[in-house]
Amino acid sequence: MKVFKAMAVAFIICLLAGSAATPVAAQAKAPAFEEALLKPGSLTEKAPEVYEVKFETTKGDFVVKVTRAWAPQGADRFYNLVKHGFYNGAAFFRVLDGFMAQFGIHANPRVSQVWQSARIQDDPVKKSNRRGYLTYAMAGPNTRTTQLFINYGDNSRLDADGFSPFGQVTEGMSVVERLYGGYGEGAPNGRGPRQDLIQSQGSAYLEKEFPKLDIIKSAALLPPAPPK
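Criteria and cut-off values
Residues numbered from 1 in each chain as written. Predicted model: local features only at pLDDT ≥ 70, side-chain atom pairs only at ≥ 80, totals over all residues. Heavy atoms only, no water. Helix = DSSP H or I, 4+ residues; strand = E, 2+ residues; numbered from the N terminus. Buried < 20%, exposed > 50% of the residue type's maximum accessible area, 1.4 Å probe, protein only. Contact = heavy atoms within 4.5 Å. Areas by Shrake-Rupley, 256 points an atom, 1.4 Å probe, with all protein chains shown as cover. Expected span 1.5 Å × (residues − 1). Pairing = 2+ DSSP bridges. 1 Å grid on protein atoms, 1.4 Å probe; cavity = no way out; pocket = protein on both sides within 12 Å on 5 of 7 lines; lining within 4 Å. Points joined across faces, edges and corners; volume = space filled by probe spheres on them. Nonpolar A, V, L, I, M, F, W, Y, C, P; charged D, E, K, R; others polar. Salt bridge = Lys/Arg side-chain N within 4 Å of Asp/Glu carboxyl O. Core = buried A, V, L, I, M, F, W, Y, C linked by side-chain atoms within 4.5 Å. Axes fitted to C-alpha atoms, helices over the stretch in contact; angles between N-to-C directions.

### Some details on the overall build of the protein chain
Thinking step 1. Of the regular secondary structure elements, the protein chain holds 7 helices and 8 strands.
Thinking step 2. Across the 228 residues that make up the protein chain, the buried fraction comes to 52%.
Thinking step 3. Contacts spanning at least 24 positions in sequence make up 73% of the contacts within the protein chain whose residues lie at least 6 apart.
Thinking step 4. Summed over its atoms, the accessible surface of the protein chain is roughly 10,600 Å², and 53% of this surface lies on carbon and sulfur atoms.

Here it is, written out as structure tokens:
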């Protein structure tokens, strides 16, 4: 119990790190992106009531099914981010065995910068944080932006803290559970990546310091299933 609570606290505190200046070298290596991602306020399209997203990663593929009714604001934000390629190239930078796999910082610092303050309001918790459920990371009430985590086990203790799942891995959970987690907890509490440096330097920082991390090659909306 104490270990779990410590991880949960670290999970929240880890999102509070500030940003550093972006080195010239990191800017030179920054990956391309859709220009629409520089205007978070314009990406507010309402999501379908149910939709699926296929993740192609360096470890394999998995599919997430989103049910908007579970957490409408979270589902809408995720839909717009996926539609415009936000997660392409992003790393699973915080993978903790038995707890969760966290991702959602853009590979390009220019994009990360504009989304850090693009917060959405909380959704009431309607589903529990259990194995395979997808949830936003946050640093307190109404602080959700782009970072997500996939639960590895029964993390229902997070429900009381407002972590509201909005989707579930329906295919390829075995892939998610094989994501590289050898670096452990992020700095300063562990030897893993610093979130502020991912935000300020992007993929250049991770490729140099944490080359074993698994990467999202693409995250794309799947065509709606034909009516039966």
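### Digging into helix H3 (residues 72-83)
Thinking step 1. Over its 12 residues, H3 runs 16 Å from end to end, which matches the ideal 16 Å to within 8%, given 1.5 Å per residue.
Thinking step 2. Most of H3 sits inside the fold, with 9 of its 12 residues counted as buried.
Thinking step 3. The complete set of buried residues in H3 reads Gly74, Ala75, Asp76, Arg77, Phe78, Tyr79, Asn80, Leu81 and Val82.
Thinking step 4. The elements touched by buried residues of H3 are strand E1 (50-57), strand E2 (60-67), helix H4 (109-115), strand E5 (133-136), strand E6 (148-151) and strand E8 (216-221).
Thinking step 5. Following H3 by one or two positions, glycine 85 has its phi on the positive side, about 75 degrees.

### Some points on the pairing of E6
Thinking step 1. Residues of E6 alternate between two faces, with Leu148 and Ile150 on one and Phe149 and Asn151 on the opposite face, all of them buried.
Thinking step 2. Relative to E6, E5 runs antiparallel, the two being bridged by 3 bridges. Residue pairing in the sheet places threonine 135 in a bridge with phenylalanine 149 of E6.

### What to know about the layout of surface pockets
Thinking step 1. Here the second largest pocket is characterised by a volume of approximately 220 Å³.
Thinking step 2. If you trace the second largest pocket, you find 17 residues lining it, with Gly89, Ala91, Ser203, Glu207 and Ile215 closest to the centre.
Thinking step 3. By residue number, the principal contributor to the lining of the second largest pocket is helix H7 (residues 203-209), which donates 3 residues.
Thinking step 4. Its residues placed into classes, the lining of the second largest pocket shows 12 nonpolar, 4 polar and 1 charged.

### Some points on the pattern of salt bridges
Thinking step 1. For the structure on display, the rule yields 10 salt bridges.
Thinking step 2. Across the salt bridge formed by glutamate 45 and lysine 83, the nearest N and O atoms sit 2.6 Å from each other. Of this pair, glutamate 45 sits in the loop between helix H2 (24-29) and E1 while lysine 83 sits in helix H3; the two residues are 38 residues apart in sequence, bridging distant segments of the chain.
Thinking step 3. For lysine 83, a relative accessible area of 38% puts it in the partly exposed group.
Thinking step 4. In the salt-bridge network here, residues are joined through shared partners; they are Glu49, Arg68 and Asp76.

### Some words on unusual backbone geometry
Thinking step 1. The residue after alanine 187, namely proline 188, is reached through a cis peptide bond having omega 10 degrees.
Thinking step 2. Structurally, proline 188 is set in the loop between helix H5 (173-176) and helix H6 (195-201).
Thinking step 3. Of note in this structure, asparagine 142 is not a glycine but carries a positive phi near 60 degrees.

### As for the nonpolar core
Thinking step 1. Residues Phe55, Phe62, Phe78, Tyr87 and Phe103 are the most contacted members of the largest nonpolar core, which totals 39 residues.
Thinking step 2. Per-element tally for this core: the top contributor is H3, with 5 residues.
Thinking step 3. When residues no more than four places from it in sequence are discounted, the contact partners of phenylalanine 103 are Phe55, Tyr87, Ala91, Phe92, Phe93, Leu134, Thr146, Gln147, Leu148, Ile150 and Ile216.

### Comments concerning the sheet that holds E2
Backbone hydrogen bonds are what pair the strands of a sheet, in a parallel or an antiparallel way.
Thinking step 1. Taking strand neighbours across the sheet as the criterion, the 8 strands line up as E3-E4-E6-E5-E7-E2-E1-E8 in an open arrangement whose pairing is antiparallel. Two strands close off the open sheet at either side, each with one partner strand: strand E3 (92-96) and E8. Shown here is a sheet whose adjacent strand axes are inclined to one another by a mean of 25 degrees, direction ignored.
Thinking step 2. Summarising the sheet, strand E4 (residues 100-103) and E6 pair through 4 bridges and their orientation is antiparallel. Paired with alanine 101 across the strands is isoleucine 150, a residue of E6.
Thinking step 3. Sheet strands touched by H3: E1, E2, E5, E6 and E8. Its angle to E1, the strand with the most contacts, is close to 45 degrees.

No statement about biological role is implied by the geometric values presented.
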